[in-house]
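Below, each chain spelled out in residue letters.
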Amino acid sequence: MKKVFINGPISSDFIGESIAKHQTKTSIGAHNIFLGQVRADAVDGRNVAAIEYTCYEELANAKLHEIREEAFEKFDLICMHIYHSLGTIKSGEVCFFVFVSAERRKEVYEATEWLVNQVKDRTPIYGKEIFEDKTHQWKVNT
C-alpha cells in the first residue's frame, strides 16, 4: 500500500522530488498535478488561520486503495499518486497533492479531475477550521 498521509504541509521540495522521480519513465508523455491549498476563508466575520486534518487511517487507506484501483481501470494511466496532509496546515500551505502520469495529455486531465472529486467525496478525511480568534468548526468539503 502506498503512503498517502503526510504529517504537516506538503512541501514544494516533496512535490519537485516526486516529479523528478518520473523522468526515467520514458513512456510517459504527460503529467498533471492538482494542489489543494488551505484558503483563509472568512466565515461569519472570522478568518480561517489553519485547518487541522484528521482521519481514521485504516479506513481512509482502504477507500483510497479502491479509488486508485478504479482510476487504473477507468483511465489509461502509467502512474498515479495521492498525498494528503494530517495535522495543522496553515492558510497558504499545500494540504492535498494528486499527481497523474500517462502516455497522452487527455487521460491526465480527465483522471486528475475524477480523482480529486472521488477523494473529496468518498474518503473519510476531516478538517477542523481553526479561526484567527482560536475558535473552530468542522469543515464541509466543497
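Definitions and limits used
- Residues numbered from 1 in each chain as written.
- Predicted model: local features only at pLDDT ≥ 70, side-chain atom pairs only at ≥ 80, totals over all residues.
- Heavy atoms only, no water.
- Salt bridge = Lys/Arg side-chain N within 4 Å of Asp/Glu carboxyl O.
- Helix = DSSP H or I, 4+ residues; strand = E, 2+ residues; numbered from the N terminus.
- Buried < 20%, exposed > 50% of the residue type's maximum accessible area, 1.4 Å probe, protein only.
- Axes fitted to C-alpha atoms, helices over the stretch in contact; angles between N-to-C directions.
- Parallel < 35°, antiparallel > 145°, perpendicular 65-115°, else oblique.
- Left-handed = near helix turned anticlockwise from the far one by under 90°.
- Contact = heavy atoms within 4.5 Å.
- Nonpolar A, V, L, I, M, F, W, Y, C, P; charged D, E, K, R; others polar.
- Core = buried A, V, L, I, M, F, W, Y, C linked by side-chain atoms within 4.5 Å.
- Patch = residues over 30% accessible without salt bridge, like charges linked within 9 Å, V, L, I, M, F, W, Y side chains within 5 Å.
- Areas by Shrake-Rupley, 256 points an atom, 1.4 Å probe, with all protein chains shown as cover.
- Pairing = 2+ DSSP bridges.

A.B. asks: Provide a residue-level description of the pattern of salt bridges, including the pertinent values.
C.D. replies: Taken as a whole and judged by the stated rule, the model has eight salt bridges. Note that Glu66 and Lys63 form a salt bridge whose closest N and O atoms lie 3.8 Å from each other. Separated by three residues within a single helix, Glu66 and Lys63 lie in helix 2 (residues 57-74), roughly one turn from each other. Residue class for Lys63 comes out partly exposed when judged on its relative accessible area of 27%. Put simply, Arg122 and Glu66 hold a salt bridge, and the shortest N to O gap is 3.4 Å. You can see Arg122 sitting in helix 3 (residues 105-122) and its partner Glu66 sitting in helix 2, a full 56 residues away along the chain. Salt bridges linked by common partners bring Lys63, Glu66, Glu70 and Arg122 together as one network.

A.B. asks: A description of the packing of helix 2 against helix 3 should follow, citing residues and the corresponding values.
C.D. replies: One can describe the packing of helix 2 onto helix 3 by two numbers: an axis separation of 10 Å at closest approach and a directional angle of 155°. Considering their axes alone, helix 2 and helix 3 lie roughly antiparallel with respect to each other. Classified by chirality, the crossing of helix 3 by helix 2 is right-handed. Contacts from Lys63, Leu64, Glu66, Ile67, Glu70, Ala71 and Lys74 of helix 2 reach helix 3 at Trp114, Leu115, Gln118, Val119 and Arg122. Class assignment for the residues of the contact of helix 2 with helix 3 results in six nonpolar, one polar and five charged.

A.B. asks: How would you sum up the nonpolar core? Please name residues and give values.
C.D. replies: When a protein is soluble and globular, its nonpolar side chains tend to lie buried together. Grouped together as the largest cluster of nonpolar side chains are 31 residues, with contacts concentrated most on Tyr53, Leu77, Ile82, Val100 and Leu115. At the level of elements, strand 4 (46-55), helix 2, strand 5 (77-90), strand 6 (94-102), helix 3 and strand 7 (125-131) are the ones that each hand at least two residues to this core. Of the residues forming this core, the biggest block, six residues, is contributed by helix 3. Excluding residues that lie within four positions of it along the chain, Val100 makes contacts with Ala30, His31, Asn32, Leu77, Cys79, Met80, Val108, Ala111, Thr112 and Leu115. The next biggest cluster of nonpolar side chains, apart from the first, holds seven residues, and it includes Ile6, Ile10, Val94 and Phe99.

A.B. asks: Residue-level account of a nonpolar patch on the surface, with values.
C.D. replies: Taken together, the side chains of Ile19, Ile33 and Leu35 make up a nonpolar region of the molecular surface, amounting to roughly 200 Å² of accessible area. Looking at where Ile19 falls in the secondary structure, it is placed in helix 1 (residues 12-20). Looking at Ile19, the relative accessible area reads 31%, which means it is partly exposed.

A.B. asks: Describe the pairing of strand 6, with residues and values.
C.D. replies: Burial analysis of strand 6 places nine of its nine residues in the buried class, which makes it a mostly covered element. Bridge count for strand 2 (residues 30-37) against strand 6 is eight bridges, and the pairing is antiparallel. Counterpart to Gly36 in the pairing with strand 6 is Phe96. In terms of strand pairing, strand 5 meets strand 6 through seven bridges, oriented antiparallel. For His81, the partnering residue across the bridge sits in strand 6 and is Phe99. Connecting strand 5 to the next strand, strand 6, in antiparallel fashion are three residues, including Gly92 with a positive phi near 95°.

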